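Remarks on the overall topology
Listed below, chain by chain, are the residues.
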Amino acid sequence: MSTTAQTPGTATSRASAVDAFEVRPSDTARTDAERAALMEAPVFGTVFTDHMARISWSVEQGWHDRRVEKHAPLQINPAAAVLHYGQEVFEGLKAYRHDDGSVWTFRPWANAARMATSAHRLALPELSEADFLGAVEAVVRTDVAWVPSGGETSLYLRPFMYASETFLGVRPSREVEFLVIASPVGPYFASGVKPVSIWVVQGYHRAGPGGTGFAKCGGNYAASLLPQQEAYAHGCEQVCFLDAVTNSELEELGGMNVFVVGADGSVATPPLNGSILEGVTRSSILTLLGEAGHDVQERPITLAEVRSGLQDGSIAEVFACGTAAVVTPIGRLASDDFDLTVADGGTGPVTASVRAQLTDIQYGRAEDRHGWMHRLL
Ligand SMILES: *Cc1c(COP(=O)(O)O)cnc(C)c1O
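Since the model is a prediction, treat every value here as computed from it, not as a measurement.

1. Let's talk about helix 8 (residues 349-362)
The terminal C-alpha atoms of helix 8 lie 20 Å apart, and with 14 residues this matches the ideal 20 Å at 1.5 Å per residue to within 8%. When helix 8 is considered as a whole, its buried residues turn out to be Val350, Thr351, Val354, Arg355, Leu358, Thr359, Ile361 and Gln362. Down the axis of helix 8, the sector holding all buried residues measures 160°, keeping them to one side. Following helix 8 by one or two positions, glycine 364 adopts a phi angle in the positive range, close to 75°.

Shown next, in the form of structure tokens:
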């Protein structure tokens, strides 16, 4: 593990603690043939690599025991705090293989910073950027054979941190585990980018003022699952939440941010008001569209505005964004009292263009003008 983050052509090399990770090889690593079979057409989140990175934390010792070990079931006491009070945060990012065989991640510093913000809100210990990057580098370098190549494939990385102390009292855990697991994934849209239908839920919220909406924590997802079922029941793939104060402004989907494109080329997304998750994809899109000359606005977007805009054509495109799907066009928005389709079924040019720009940077097909890419190997 001597390769450092110092890569020619990247302005953004930062400190990494990768050399502090002790690699303890798995005794059950899959053979080349087994791995090839598993990587044939992996369903998202079902296939995992041979190893995981791990760091333990306790009040007494702080972060310690940095290692890469076998990806295996965890030993967890039934009284572990996370199982009762949900003290947990996570991240999601990808490792991309470029045509020359090199392996990269996209803006991992943003994920490291966001995990620290999320951890703080959940009263979990903050992990340094160097440890976050080190863990990601350590597991990807150990399992680099699991980084797929070709198409829009990637190795999905899931860093997460949970309260592991055996204790049923209600207070922040005095013991915590941080892990990074890795899962090869095929293209999100296996048969071409396809617009999704969105259910605008009016009876549930995922977050509210002073809550945990800005933190990437499992609890937010737990709160989104019942409304998500309501969406399915109405023939929609995803749910869009409104703000909890006025029940009138778009916030975001269960796990993706949302953008609205005007017929005049302006682009708007809801502002970071404390109940919205600050997506790395969202922030990158704001940058790219601003540079392309669009009038880019972070401002409240009312449902009323979206409804009338779709009806009179002043809203041309709506899309969602996040690491897993990058950019997902939205073709239909429905709720108890309306059902509207987006112009051209949601296949508009701004959505397609920003998706292509982002994936071209991520897969090394376009110049990385912003220093967003970080080389892993
Ligand atoms: C992770 C997540 C997003 C997208 O964030 P990215 O950094 O772009 O992947 C959006 N909303 C929620 C609720 C999320 O958990």
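Let's pick the thread back up.
2. Let's talk about the domain arrangement of the protein chain
Often, the extent of an interface is quoted as the loss of accessible area upon association of its parts. Partitioning the protein chain into domains gives domain 1 (18-186) and domain 2 (196-362). The centre of domain 1, based on its C-alpha atoms, is set 28 Å off from the matching centre of domain 2. The interface is formed by 19 residues belonging to domain 1 together with 22 residues belonging to domain 2. At the boundary of domain 1 with domain 2, the tally comes to one salt bridge. Note that glutamate 152 is salt-bridged to arginine 355, the shortest N-O span being 3.2 Å. Run the count over domain 1 and domain 2 and you get 13 residue pairs in polar contact (both at pLDDT 80 or more). Among the elements that make up the side of domain 1 that touches domain 2, the one with the highest residue count is helix 3 (residues 108-121) (six residues). In terms of residue class, the side of domain 1 that touches domain 2 is built from seven nonpolar, five polar and seven charged.

3. Section: the nonpolar core
Judged by nonpolar contacts, the single largest core of 37 residues is most densely connected at Val140, Leu157, Met161 and Phe178. Put simply, the parts of the chain that give this core at least two residues each are strand 2 (51-58), strand 3 (62-70), strand 5 (93-97), helix 3, helix 4 (129-142), strand 7 (154-163) and strand 8 (175-185). The element best represented in this core is helix 4, accounting for six residues. Those residues within four positions of valine 140 in sequence are excluded, and the remaining contacts are Ala95, Val103, Val147, Leu155, Leu157 and Leu376.

4. Looking at the site of the ligand
If you check the shell around the ligand, you find 15 residues, and the closest are Lys216, Tyr221, Glu252, Thr281 and Thr323. Within the side chain of lysine 216, a nitrogen or oxygen atom sits 2.7 Å from an oxygen atom of the ligand. With respect to the ligand, the side chain of glutamate 252 contributes an N or O atom lying 2.5 Å from a nitrogen atom. Protein chains shield 97% of the accessible area of the ligand, which is 380 Å² for the free molecule.

5. Digging into the packing of aromatic side chains
Under the defined criterion, the tally for this structure stands at ten aromatic pairs. Relative to tyrosine 156, the ring of phenylalanine 44 has its centre 5.1 Å away and its plane inclined at 65°; by these criteria the two rings are edge-to-face. Pair noted here: phenylalanine 44 is in the loop between helix 1 (32-38) and strand 2 and tyrosine 156 is in strand 7, with a separation of 112 residues, a long-range link. On the basis of relative accessible area, phenylalanine 44 is assigned to the partly exposed category, the value being 44%. An angle of 80° between the planes, with centres 5.1 Å apart, marks the rings of tyrosine 96 and tyrosine 363 as edge-to-face. Taken together, the residues tyrosine 96 in strand 5 and tyrosine 363 in the loop between helix 8 and strand 18 (373-375) connect sequence positions 267 residues apart.

6. Let's talk about a nonpolar patch on the surface
A surface patch of nonpolar side chains, amounting to about 240 Å² of accessible area, comprises Leu74, Ile76 and Leu83. Looking at the secondary structure, you find leucine 83 in helix 2 (residues 81-85).

7. Observations regarding the packing of helix 6 (residues 280-291) against helix 8
Orientation of helix 6 relative to helix 8, taken along the N-to-C sense of each, is 110°, at an axis distance of 11 Å. The angle between the axes of helix 6 and helix 8 places the two elements in the roughly perpendicular class. On the side of helix 6, the interface is formed by Thr281, Ser284, Ile285, Leu288 and Leu289, while helix 8 contributes Val350, Val354, Gln357, Leu358 and Ile361. Counted by class, the contact of helix 6 with helix 8 contains seven nonpolar, three polar and no charged residues.

8. Considering the pattern of salt bridges
Going through the model one piece at a time under the given rule, you end up with 23 salt bridges. Between arginine 369 and glutamate 291 there is a salt bridge; the shortest N-O distance is 3.3 Å. Taken together, the positions of arginine 369 in the loop between helix 8 and strand 18 and glutamate 291 in helix 6 put the pair 78 residues apart, joining distant regions of the chain. With its nearest N and O atoms 2.8 Å apart, the salt bridge here joins aspartate 339 to arginine 332. Residue arginine 332 is classed as partly exposed on the basis of its relative accessible area, which comes to 21%. Connected through salt bridges with shared partners, the residues Glu22, Arg24, Arg54, Asp65, Arg67, Glu69 and Glu177 form a single ionic network.

Quick notes on the rules
Residue numbers here run from 1 along each chain, matching the order of that chain's written sequence. In keeping with the model being predicted, local features are shown solely for residues with a pLDDT of at least 70 and side-chain atom pairs are shown and tallied solely at 80 or more, while totals for entire chains, interfaces and linings include all residues. Processing note: side-chain calculations cover all non-hydrogen atoms of the structure and skip hydrogens and water entirely. Numbered from the N terminus, helices here are DSSP runs of H or I no shorter than four residues, and strands are runs of E no shorter than two. Helix span is expected to be 1.5 Å times the residue number reduced by one. Per-residue accessibility, obtained with a 1.4 Å probe over protein chains only, is compared with the maximum for each type, and a residue is labelled buried under 20%, exposed over 50%, and partly exposed between these values. To obtain the arc, one takes the directions from the helix axis to the C-beta atoms. Residue ranges for the domains trace back to a domain assignment, done automatically or taken from a database. Any two residues whose heavy atoms approach within 4.5 Å at even a single point are treated as in contact. Definition used for salt bridges: Asp or Glu carboxyl oxygen within 4 Å of a side-chain nitrogen of Lys or Arg. A 3.5 Å cut-off defines polar contacts: any pair of N or O atoms within that distance qualifies, except that in protein one atom must be a possible hydrogen donor and the other a possible acceptor, and neighbouring residues in sequence count only when both atoms are side-chain atoms. In the scheme used here, Gly and all other residues not listed as nonpolar or charged are polar, with Ala, Val, Leu, Ile, Met, Phe, Trp, Tyr, Cys and Pro taken as nonpolar and Asp, Glu, Lys and Arg as charged. What makes a nonpolar core is a set of buried Ala, Val, Leu, Ile, Met, Phe, Trp, Tyr and Cys residues whose side-chain atoms join them at distances within 4.5 Å. One heavy atom within 4 Å of a molecule or strand is enough for the residue carrying it to be called near that molecule or strand. All accessibility values rest on the Shrake-Rupley procedure with a 1.4 Å probe; residue burial counts only the protein chains present in the view. The rule is short: rings of Phe, Tyr and Trp, with Trp giving its six-membered ring, pair when the centres are within 6.5 Å, and they are stacked under 30 degrees, edge-to-face over 60, tilted in between. Like-charged residues within 9 Å of one another, or nonpolar side chains (Val, Leu, Ile, Met, Phe, Trp, Tyr) within 5 Å, are grouped into patches, provided each residue has over 30% relative accessible area and no salt bridge. Interaxial angle, 0 to 180 degrees, is taken between N-to-C directions of lines fitted to C-alpha atoms, where a helix line uses only the stretch in contact. Orientation categories follow fixed angle ranges, with anything under 35 degrees roughly parallel, anything over 145 roughly antiparallel, 65 to 115 roughly perpendicular, and all other angles oblique.

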